[in-house]
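Below are the chains, spelled out letter by letter.
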Amino acid sequence: MRSNRKKNLFKASIKISRHTILIAFIIFVCVAISVISSCNNQNNSVNTQNRPKSNSPRKIPANAWKAPDTAAIPKGKAGEMIRYGKDLLAHTSNYFGPNGSVAQISNGMNCQNCHLDGGTRLFGNNYSIFMASYPKWSDRSGTLQPATRRIADCFNRSLAGQVPDTNGREVQAILAYMKWLGQGVKKGKQLFGTGSEKLAYLDHPADPVKGEAAYIAKCKVCHGSNGAGLLAADKKSYTYPPLWGEHSYNDGAGMYRISNLAGFVKNNMPFGATYQSPQLTDEEAWNVAAFVNSQPRPHKDQHNDWKDLKNKPIDFPFGPYADKFSERQHKYGPFKPIKDAQKELTNKKS
């Protein structure tokens, strides 16, 4: 009897142990699945925050500016000048580049590299309000400027070259095209999509290191690991322009201000991106701009720029300044403290 009882107890204890082990194993598996799922959810959350919402494209207002159809360019001499101006902007280097047919006075980039689609794209530095804006006061020079001075600045800065004859046929053709594009636009009229988008300031500095990672992942394929761009087959112009180096824009160009470049990148880069369907987050755009503008490029003497320091843009990366923030912070941010200090200074003087 005792022997049978011991055997039964032993068998029962084995059954209990097996059930206990099985239950413990099931609990362990459930906990592991829960932890892994939680980690994946966190990672997905981070990735989602760092990606534009592809399922909710941004809308363009119905009254946004639209470039006139090129088929409507008039015939005759007037139309010839407009078409010539358009071609000059699209293929500037063919006329003014290192092997230009008119003069050899620029770095080989085209105006269209910064003013996309011949100056017609939303937030691609289009020319919609250009002619209606001039003559225009320039805080940078401290003078009232005609439209020709702005074109001269582009040759000096973005094309890192010399100024063509502003009374010559080429500059006059460019003006004719710009006037045709902006037909019907009145001075002072606010249009959606001009210039580059003004992105919200980050609450921390833009990061060139993170920008380099984004550049390698999404920009290198077109602009190259050394930022030198891709020359066209004719070796006269660039299929994809250089973003730094001796043939890129100099440090006096508008694109050297990080806010201008970040807004441009956000809506147009990498290839295929648009205002409606951007491929980068705002922070990625700021970081890419920080990386690109941290690279070497031609220098322009700017000691005559911004004589009135209180009018100097907060992201202008060269001193002196009316405030006490460093050149590095003026270049990479954060910009809100500088903006607040600028407002306070203005209020004191007024």
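As shown above, the structure is provided for reference.
Everything in this summary refers to the structure shown in the same document. The shown structure was predicted, so the numbers you read here are calculated from the model rather than taken from an experiment. (Residues numbered from 1 in each chain as written. Predicted model: local features only at pLDDT ≥ 70, side-chain atom pairs only at ≥ 80, totals over all residues. Heavy atoms only, no water.)

1. Description of the overall build of the protein chain
Here's step 1: Along its length, the protein chain carries 13 helices and 4 strands.
Here's step 2: Within the protein chain, buried positions represent 41% of all 350 residues.
Here's step 3: In the protein chain, the share of contacts with a sequence separation of at least 24, taken over all contacts with a separation of at least 6, comes to 63%.
Here's step 4: With the model as given, the accessible surface of the protein chain reaches about 20000 Å², and the carbon-plus-sulfur share is 55%. (Helix = DSSP H or I, 4+ residues; strand = E, 2+ residues; numbered from the N terminus. Buried < 20%, exposed > 50% of the residue type's maximum accessible area, 1.4 Å probe, protein only. Contact = heavy atoms within 4.5 Å. Areas by Shrake-Rupley, 256 points an atom, 1.4 Å probe, with all protein chains shown as cover.)

2. Section: the pattern of salt bridges
Here's step 1: For the structure shown, the criterion picks out 10 salt bridges.
Here's step 2: A salt bridge links Asp340 to Lys336; the nearest nitrogen and oxygen atoms lie 2.9 Å apart. With Asp340 and Lys336 both in helix α13 (residues 336-349), this residue pair falls 4 residues apart, about one helical turn.
Here's step 3: Among the residues examined, Asp340 registers a relative accessible area of 35% and is labelled partly exposed.
Here's step 4: Linked through salt bridges whose partners overlap, the residues forming this network are Arg140, Arg149 and Asp153. (Salt bridge = Lys/Arg side-chain N within 4 Å of Asp/Glu carboxyl O.)

3. Some points on the packing of aromatic side chains
Here's step 1: Scanning the model with the defined rule gives 17 aromatic pairs in all.
Here's step 2: Each ring, one from Trp286 and one from Phe335, has its centre 5.9 Å from the other, and the planes form 40°; the classification is tilted. With Trp286 in helix α11 (residues 282-292) and Phe335 in the loop between α12 (327-332) and α13, this residue pair connects regions lying 49 residues apart in the sequence.
Here's step 3: By relative accessible area, Phe335 is classed as buried at 3%.
Here's step 4: The ring of Tyr249 carries the charged tip of Arg297 above its face, separated from the ring centre by 4.1 Å. (Phe/Tyr/Trp six-rings, centres within 6.5 Å; stacked < 30°, edge-to-face > 60°. Lys NZ or Arg CZ within 6 Å of the ring centre and 35° of its normal.)

4. So, the side chain of Ser237
Here's step 1: Following the sequence through the fold, Ser237 ends up in the loop between β3 (230-231) and β4 (238-240).
Here's step 2: On the basis of relative accessibility, which here comes to 11%, the residue Ser237 falls in the buried class.
Here's step 3: Apart from the residues lying within four places of it in its own chain, the contact partners of Ser237 are Ser93, Asn94, Gly108, Asn110, Leu231 and Ala232.

5. Quick word on helix α2 (residues 76-90)
Here's step 1: In a regular helix each residue adds 1.5 Å, so 15 residues correspond to 21 Å; α2 covers 21 Å between its end C-alpha atoms and thus fits that length.
Here's step 2: Contact partners of the buried residues in α2: α3 (92-96) and α7 (169-181). (Expected span 1.5 Å × (residues − 1).)

6. So, the packing of helix α6 (residues 147-156) against α7
Here's step 1: Two elements in contact, α6 and α7, have axes separated by 11 Å at closest approach and are oriented at 110°. Between α6 and α7, the crossing angle belongs to the class labelled roughly perpendicular. By crossing handedness, the relation of α6 to α7 is classed as right-handed. Of α7, the residues touching α6 (which contributes Ala147, Thr148 and Ile151) are Val171, Ile174 and Leu175.
Here's step 2: The residue inventory of the contact of α6 with α7, partitioned by class, reads 5 nonpolar, 1 polar and no charged. (Axes fitted to C-alpha atoms, helices over the stretch in contact; angles between N-to-C directions. Parallel < 35°, antiparallel > 145°, perpendicular 65-115°, else oblique. Left-handed = near helix turned anticlockwise from the far one by under 90°. Nonpolar A, V, L, I, M, F, W, Y, C, P; charged D, E, K, R; others polar.)

7. Focus: the environment of Arg83
Here's step 1: Examined against the element boundaries, Arg83 turns out to sit in helix α2.
Here's step 2: On the basis of relative accessibility, which here comes to 40%, the residue Arg83 falls in the partly exposed class.
Here's step 3: In the structure, Arg83 is positioned 94 residues away from Tyr177 in sequence and 7.0 Å away in space, judged by C-alpha atoms.
Here's step 4: Contacts of Arg83, omitting those with residues within four sequence positions, involve Ile73 and Pro74.
Here's step 5: A distance of 3.4 Å separates the side chain of Arg83 from the backbone oxygen of Ile73, its partner in a polar contact. (Polar contact = N/O pair within 3.5 Å; in protein donor to acceptor, adjacent residues only side chain to side chain.)

8. What about helix α8 (residues 208-218)?
Here's step 1: Within α8 the residues assigned to the buried category are Pro208, Gly211, Ala214 and Tyr215. Buried residues of α8, seen end-on, are gathered within an arc of 115° and therefore sit on one face of the element. Of the exposed residues in α8, the ones pointing more than 90 degrees away from its buried face are Val209, Lys210 and Ala217.
Here's step 2: Buried positions along α8 lie against α9 (220-223), α11 and α12.
Here's step 3: Of the residues that open α8, the one with a side-chain oxygen 2.8 Å from the backbone nitrogen of Val209 is Asp207. (Arc of directions from axis to C-beta.)

9. Observations regarding unusual backbone geometry
Here's step 1: The omega angle of the peptide bond from Met269 to Pro270 is -5°, so this bond is cis rather than trans.
Here's step 2: Looking at the element boundaries, Pro270 is found in the loop between α10 (258-268) and α11.
Here's step 3: For the bond running from Gly319 to Pro320, omega is 5°, close enough to zero to count as cis.
Here's step 4: In this structure, Pro320 sits in the loop between α11 and α12.
Here's step 5: We note that Lys235 has phi near 65°; this positive angle belongs to a residue other than glycine.
Here's step 6: Mapping Lys235 onto the fold places it in the loop between β3 and β4.
Here's step 7: Take Lys235: its relative accessible area is 55%, and that puts it in the exposed class.

Any functional reading would require information beyond the geometric quantities listed.
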